[in-house]
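One-letter residues, chain by chain:
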Amino acid sequence: MSLLTVSTVSELREFVQHAKFKGLSVGFVPTMGNLHAGHMSLIKQAKKHCDLVVASIFVNPLQFNDKSDLTNYPRTLEQDQALLTENSCNLLFAPTVDEMYPNGQESQTIVSVPDVSMGLCGGSRPGHFDGVATVVTKLLNMAQADKAFFGEKDFQQLAVIRKMVADLCIPVDIVGVSTERNSDGLALSSRNGYLSTEELALAPALYKALQEVATAVQQGNDFVTTLEQTQQRLNKQGFKVDYLSLCRVSDLKPATADDDQLVVLIAAFLGSARLIDNLPFPLNRTSD
Ligand code: PAF
């Protein structure tokens, strides 16, 4: 079956309702386009779990706190359609800004998720997660799919969406999909396209640093010292680290030695690109 592209909410709803009427399950993969193998792993998971797969492409102005970032965000619809076709996606929803915000962005009701939106990217990008939570609520309500798939690379975003769906009783299963990486460890991201050849060679150091932090913490080294030393080293290598934090997986609060599921998260500038990555790991405390 070839890819069908629609741009209105009524066409999207009609497709999903028709599928459900026929007893078929629907998986939903919301994206901002400029698709790559990371997005395709979401499509593949959706195909595995559901009979039909719907993707959306919408560069959401509400979640960009930096207007030039919004203007420069890569828009590659034809290329994206080809990739979705290749990966047997059934429907693409590609709405305009007016379709998503018919009453204007200024008077849009905002969904704000407390606690888990604070700090990390929420601290560095004020309003970002309100924009994400608002658009994802709208997209989930528009699509009314059975399951929705999000990448673990955006670890805080996934936590925000899980809490929002639980708190607002949105009837959809949220499925987290593990991060897709190059063979050198670099997490796939649309923002890698902003990197020069030299920066691309340096970028995998970010994931190596996360692995080193995880090992050092598991070996019993002090959290604060480990993070400080790693951050200093990355800054010397040419990154500008925005944050490097060790949190507990459950609610992204700062990790303590009593927690057993931790995640180390990083955001760092490399040239003009702001890269994020994370590594969840267990902390096996040895009993004395
Ligand atoms: O992760 C993204 O691509 C976006 O933040 C999302 C979830 C599609 C909302 O615009």
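Bear in mind that the values here come from a model prediction, so they are computed numbers and not experimental data.

Definitions and cut-offs
Residues numbered from 1 in each chain as written. Predicted model: local features only at pLDDT ≥ 70, side-chain atom pairs only at ≥ 80, totals over all residues. Heavy atoms only, no water. Helix = DSSP H or I, 4+ residues; strand = E, 2+ residues; numbered from the N terminus. Buried < 20%, exposed > 50% of the residue type's maximum accessible area, 1.4 Å probe, protein only. Lys, Arg positive; Asp, Glu negative; His and termini not counted. Charge placed at Lys NZ, Arg CZ, Asp CG, Glu CD. Expected span 1.5 Å × (residues − 1). Arc of directions from axis to C-beta. Contact = heavy atoms within 4.5 Å. Pairing = 2+ DSSP bridges. Axes fitted to C-alpha atoms, helices over the stretch in contact; angles between N-to-C directions. Parallel < 35°, antiparallel > 145°, perpendicular 65-115°, else oblique. Nonpolar A, V, L, I, M, F, W, Y, C, P; charged D, E, K, R; others polar. Left-handed = near helix turned anticlockwise from the far one by under 90°. Near = heavy atom within 4 Å. Polar contact = N/O pair within 3.5 Å; in protein donor to acceptor, adjacent residues only side chain to side chain.

(A) Region of interest: the overall build of the chain. When helices and strands are tallied, the chain shows 11 helices and nine strands. Dimensions of the chain along its principal axes, counting C-alpha atoms only, are 60 × 45 × 40 Å. With 288 residues in all, the chain has 52% of them scored as buried. Treating the 24 positive side-chain charges of the chain as one cloud and the 32 negative ones as another, the clouds have centres 1 Å apart.

(B) Geometry of the environment of Cys169. Here Cys169 is to be found in the loop between helix H8 (155-167) and strand E6 (173-177). In sequence terms Cys169 and Gln231 are 62 residues apart; their C-alpha atoms lie 39 Å from each other.

(C) Spotlight on helix H11 (residues 223-237). Counted at 1.5 Å a residue, the expected span for H11 with its 15 residues is 21 Å, and the 21 Å between its end C-alpha atoms agrees. Within the sequence span of H11, burial applies to Phe223, Thr226, Leu227, Thr230 and Leu234. Buried residues of H11, seen end-on, are gathered within an arc of 95 degrees and therefore sit on one face of the element. Seen from the buried face of H11, the exposed residues on the opposite side, beyond 90 degrees, are Val224, Gln229, Gln232 and Lys236. Elements that come into contact with the buried residues of H11 comprise helix H10 (205-218), strand E7 (240-248) and strand E8 (261-270).

(D) Here's a closer look at the sheet that holds E8. One open sheet accounts for three strands, arranged E7-E8-E9; its pairing is antiparallel. Edge positions in the sheet fall to E7 and strand E9 (273-282), since each of these pairs with one other strand and no more. The sheet shows a mean angle of 10 degrees between the axes of neighbouring strands, direction not considered. Where E7 meets E8, eight bridges bridge the pair, whose relative direction is antiparallel. From the neighbouring strand, Leu246 faces E8, where its bridge partner is Val264. Where H11 meets the sheet, its contacts fall on E7 and E8, and the angle it forms with E7 comes to roughly 155 degrees.

(E) Geometry of the packing of helix H1 (residues 9-21) against helix H7 (residues 128-143). The N-to-C vectors of H1 and H7 enclose an angle of 50 degrees; their axes lie 8 Å apart at closest approach. Comparing the axis directions of H1 and H7 gives the class oblique. Counted together, Val9, Leu12, Arg13 and Val16 of H1 and Asn141, Met142 and Ala143 of H7 form the full contact between these two elements. A breakdown of the residues in the contact of H1 with H7 according to their chemical character gives five nonpolar, one polar and one charged.

(F) Quick peek at the packing of H7 against H8. Taken N-terminus to C-terminus, the directions of H7 and H8 make an angle of 55 degrees; their axes are 10 Å apart at the nearest point. Accordingly, the angle class assigned to the pair H7 and H8 is oblique. Between H7 and H8 lies a crossing whose hand is right-handed. Contact residues: Phe129, Val132, Ala133, Val136, Thr137 and Leu140 in H7; Gln156, Gln157, Val160, Ile161, Met164 and Val165 in H8. Broken down by class, the residue content of the contact of H7 with H8 amounts to nine nonpolar, three polar and no charged.

(G) Seen up close, the pairing of E6. Sheet topology note: the strand E5 (residues 147-151)/E6 ladder contains five bridges and is parallel. Note on E6: the bridge partner recorded for Ala148 is Ile174.

(H) A look at the pairing of E8. The buried fraction of E8 is high, at eight of 10 residues. Here 10 bridges tie E8 to E9, and the two strands are oriented antiparallel to one another. The residue bridging Gln261 from the neighbouring strand is Pro282, located in E9. Counting the residues that bridge the hairpin from E8 to E9 gives two residues, and of these Gly271 lies at a positive phi of roughly 60 degrees.

(I) Spotlight on the site of the ligand. In the vicinity of the ligand, the residues found are Pro30, Thr31, Met32, Gln63, Val135, Val136, Phe150 and Gln157. Between the ligand and Gln157, the relevant distance is 2.7 Å, taken from an oxygen atom to a side-chain nitrogen or oxygen of the residue. Broken down by secondary-structure element, the contributors of at least two residues to the shell around the ligand are strand E2 (26-31) and H7. In the shell around the ligand, the residues fall into five nonpolar, three polar and no charged.

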